[in-house]
Amino acid sequence: MSNRNHHPIIDEARLWRTIEELGSIGMDASGGVTRLSLSSSELQGRAYIKQLMREAGLDVSEDAAGNIIGRLHGERPQEAVVMTGSHIDTVIHAGRFDGALGVLGGIEALRAIKEHGMSHARTLEVVCFTDEEGVRFGVGYLGSRAMAGDWKPEWLSETDAEGITLAEAMKAAGLQPEKVHSAARSGSDIHAYVELHIEQGRVLEHHQLPVGIASALFGHRWLEISLKGQADHAGTTPMPLRHDALSAAAETIMAVERIALEHGGVATVGTLRMVPGAINVIAGEVIFSVDLRHEDASILDAMALKIEQAAFSHKDSRGVSATVRVTDGDEPVTASGMVMEAIEGASGIADVGAMSMVCGAGHDAVAINALTGIGLILIRSREGISHHPAEWSSPEDCAAGAEVLLHTLVALANGQ
Ligand code: HGY
Ligand code: MN
Ligand code: MN
């Protein structure tokens, strides 16, 4: 961390130890971490977070959506709080920093503020949100959306790969899904929200800077496309007579890539399932996901429309029909000027180089933006790799991000 005359308040070694300890929960022999929401490994991670919050001297509570909240009471507890947070659920075979840094860095910042007796008029909260990734049940930001009052009852019947519903998983974790609405907070309760997160991209490394200040976050759409043709014998069915769902899917997937390039957005087909899925049977049905993102809402909608048209285009040419379901989505978000200013000021106090940038990844900040002004502190990712075991940020950059977070929280807690 480049500190000329600034003495860091964050305990870098302690923060790094917690990153390694949490990272070992759900880690497999090849070093990949898998802590799917409300799975046994994530529940183990939650217990670790509660223990850390208690050791930090925070008031620990859990809301009906399973969001774990650590509070450091301020001198004016009746005023709206300043909140930070992130998630500890991961994608499959992930790294150790995505989400974890924001929760652990937030705990470390509140702990250091308390240890150093730094004054903060407003109460400070660090939140470990439930199910940010949406990988297990197909809908993301579950905890932060519940807190924002944006919960949809139908989510409780979404199922995972084993057919377990979200409601069943919540009950098994000791939560009460029927009370999830009580997790909603009012916007007047929260003065500002700022999240610390790894960049998961290459911009900061390219500019050789440790910290990025997000000015905006991409919006996203998640689609589930099902193409239905005719399963048939691989040997006796002449090519012109086939209704091959996989050939139609292949053309659609190439169209997804072309449409993203044409619109300056990003699009990913991350999952694909074929029925019946046998070597000597023509695919009767193919179901695949599309993750679409752009910083402009109207372009995002245009991309989604073009992809739907591509999916429906096989009816006449191949006799393959399509259904397209939008399973999740959020509009692009602009960061709060007040919070960005606080982060810029904090970077100066911490003597850490920072730049403003747009963020392509989604974060709980997107959901909390419905309640209050948000900001995002990003730290450099080695080679931009993320959602992969090789995801890595240095101890110095993690501490620099937490130091900037600490000073941002104090500034917001004492500001107007
Ligand atoms: O998908 C994302 O951008 C985030 O990891 N949830
Ligand atoms: Mn992620
Ligand atoms: Mn994340």
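No experiment lies behind these values; they were computed from the predicted model shown.

What counts, and where the lines are drawn
- Residues numbered from 1 in each chain as written.
- Chains lettered and ligands numbered in written order.
- Predicted model: local features only at pLDDT ≥ 70, side-chain atom pairs only at ≥ 80, totals over all residues.
- Heavy atoms only, no water.
- Helix = DSSP H or I, 4+ residues; strand = E, 2+ residues; numbered from the N terminus.
- Rg over C-alpha atoms; globule rule 2.2 N^0.38 Å.
- Buried < 20%, exposed > 50% of the residue type's maximum accessible area, 1.4 Å probe, protein only.
- Contact = heavy atoms within 4.5 Å.
- Areas by Shrake-Rupley, 256 points an atom, 1.4 Å probe, with all protein chains shown as cover.
- Near = heavy atom within 4 Å.
- Polar contact = N/O pair within 3.5 Å; in protein donor to acceptor, adjacent residues only side chain to side chain.
- Donors = N, O, S within 2.8 Å, 3.2 Å for Na, K, Ca; no water.
- Pairing = 2+ DSSP bridges.
- Domains from an automatic or database assignment.
- Buried area = accessible area lost by both parts, 1.4 Å probe.
- Salt bridge = Lys/Arg side-chain N within 4 Å of Asp/Glu carboxyl O.
- Core = buried A, V, L, I, M, F, W, Y, C linked by side-chain atoms within 4.5 Å.
- Phe/Tyr/Trp six-rings, centres within 6.5 Å; stacked < 30°, edge-to-face > 60°.

Student: Hey, could you run me through the overall build of the protein in this one?
Tutor: Secondary structure summary: the protein contains 12 helices and 16 strands in total. Rg of the C-alpha trace for the protein: 23 Å, near the compact-globule value of 22 Å for 416 residues, within the 12% margin. With respect to the three principal axes, the spread of C-alpha positions in the protein is 80 × 45 × 45 Å. Every one of the 416 residues in the protein was classed for burial, and the buried ones make up 55%. Look at the contacts in the protein between residues 6 or more apart in sequence, and 79% of them connect residues 24 or more apart. In the structure as shown, the protein presents an accessible area of about 16,800 Å², 53% of it carried by carbon and sulfur atoms.

Student: In this structure, what is going on with the site of ligand 1? I would like to understand it.
Tutor: Neighbouring ligand 1 are Glu-132, Glu-133, Arg-293, Ala-361, Gly-362 and His-387. At 3.0 Å from an oxygen atom of ligand 1 is found a side-chain nitrogen or oxygen belonging to Glu-133. Contact distances for ligand 1 include 2.8 Å between an oxygen atom and a backbone N or O atom of Gly-362. If ligand 1 stood free it would expose 210 Å²; the protein chains cover 91% of that surface.

Student: Teacher, can you tell me more about the coordination of the manganese ion (ligand 2) here?
Tutor: When a metal holds four donors in a tetrahedron, each ideal angle between them is 109.5 degrees; when it holds six in an octahedron, the ideal angles are 90 or 180 degrees. Every protein donor of the manganese ion (ligand 2) is accounted for by Asp-98 (OD), Glu-133 (OE) and His-387 (NE2), and the metal-donor separations fall at 2.1 to 2.2 Å. Expressed as a motif, the donor residue spacing for the manganese ion (ligand 2) is D-x34-E-x253-H. A gap of 3.5 Å separates the manganese ion (ligand 2) and the manganese ion (ligand 3), which Asp-98 links by coordinating each metal. Here Glu-133 is found in the loop between strand E4 (124-129) and helix H4 (142-147), whereas its partner His-387 is found in the loop between strand E16 (374-379) and helix H12 (395-414), with 254 residues between them in sequence. For Glu-133, a relative accessible area of 9% corresponds to the buried category. Using a relative accessible area of 39% as the deciding quantity, one classes His-387 as partly exposed.

Student: Mind showing me how you'd approach the environment of Ile-25 here?
Tutor: Relative to the helices and strands, Ile-25 is located in the loop between helix H1 (12-23) and helix H2 (40-55). On the basis of relative accessibility, which here comes to 10%, the residue Ile-25 falls in the buried class. Remark: the alpha-carbon pair of Ile-25 and Ser-144, spanning 119 residues in sequence, is separated by 23 Å. With sequence-adjacent residues up to four places away left out, Ile-25 is seen in contact with Val-33, Arg-35, Ser-41, Gln-44, Gly-45 and Tyr-48.

Student: When you look at the pairing of strand E1 (residues 59-62) in this model, what are you seeing that I'm missing?
Tutor: Within a regular beta strand, the side chains point alternately toward one face of the sheet and then the other, so they alternate between its two faces. Here E1 runs beside strand E2 (residues 68-72); their pairing, made up of 4 bridges, is antiparallel. From the neighbouring strand, Glu-62 faces E2, where its bridge partner is Ile-68.

Student: I keep staring at the domain arrangement of the protein and nothing clicks. Help me out?
Tutor: The parts lose accessible area when they come together, and the size of an interface is often stated as this lost area. The assigned domain composition of the protein is domain 1 (12-218 + 332-414) and domain 2 (219-330). A straight line from the C-alpha centre of domain 1 to that of domain 2 covers 33 Å. At the interface, 16 residues of domain 1 touch 14 residues of domain 2. Approximately 1,000 Å² of surface area, both sides summed, lies buried where domain 1 meets domain 2, with 51% of it carried by carbon and sulfur atoms. Considering only the side of domain 1, the residues that lose the most area to domain 2 are Arg-145, Phe-218 and Pro-332, jointly responsible for 52% of the buried surface there. Linking domain 1 with domain 2 are 2 salt bridges. Taken together, domain 1 and domain 2 are joined by 5 residue pairs in polar contact (both at pLDDT 80 or more).

Student: Any chance you could explain the nonpolar core here in plain terms?
Tutor: Soluble globular proteins tend to bury their nonpolar side chains together. In terms of nonpolar packing, the biggest core is built from 58 residues, with Ile-49, Leu-104 and Leu-406 touching the most fellow members. Tallying contributions element by element places H12 first for this core, with 11 residues. What Leu-406 contacts, discounting residues up to four positions off in sequence, is Ile-9, Ile-10, Ala-109, Ala-112, Ile-113 and Met-118. In terms of nonpolar packing, the next biggest core, distinct from the first, is built from 26 residues, Met-83, Met-147, Ile-190 and Leu-204 among them.

Student: When you look at the pattern of salt bridges in this model, what are you seeing that I'm missing?
Tutor: Opposite charge on two side chains makes pairing possible when the charged atoms of those side chains draw close. Taken as a whole and assessed by the stated rule, the structure comprises 24 salt bridges. Across the pair Arg-293 and Asp-291 runs a salt bridge, and its minimum N-O distance is 2.8 Å. Across this residue pair, the class does not change: Arg-293 and Asp-291 are buried.

Student: So what exactly am I meant to see when it comes to the packing of aromatic side chains here?
Tutor: Within a pair of aromatic rings, the relevant descriptors are the distance that separates the centres and the angle that separates the planes. Per the counting criterion, the structure on display carries 4 aromatic pairs. Here Trp-16 and Phe-97 contribute two aromatic rings whose centre-to-centre distance is 5.8 Å and whose plane-to-plane angle is 40 degrees, an arrangement assigned as tilted. Separated by 81 residues along the polypeptide, Trp-16 in helix H1 and Phe-97 in the loop between strand E3 (81-87) and helix H3 (100-115) bring together distant segments of the chain. Centroid distance Trp-151 to Trp-155: 5.2 Å. Interplanar angle 75 degrees. Geometry classified as edge-to-face.

Student: Help me understand unusual backbone geometry, please; the structure alone is not making it clear to me.
Tutor: Most peptide bonds are trans, and most residues other than glycine sit at a negative phi. The linkage connecting Val-275 with the following residue, Pro-276, adopts the cis geometry, with an omega of 5 degrees. In this structure, Pro-276 sits in the loop between strand E10 (272-275) and strand E11 (281-282). You will see that Leu-38, though not glycine, has its phi angle at about 65 degrees, which is positive. Along the chain, the position of Leu-38 falls in the loop between H1 and H2. Assessed through its relative accessible area of 7%, Leu-38 is described here as buried.

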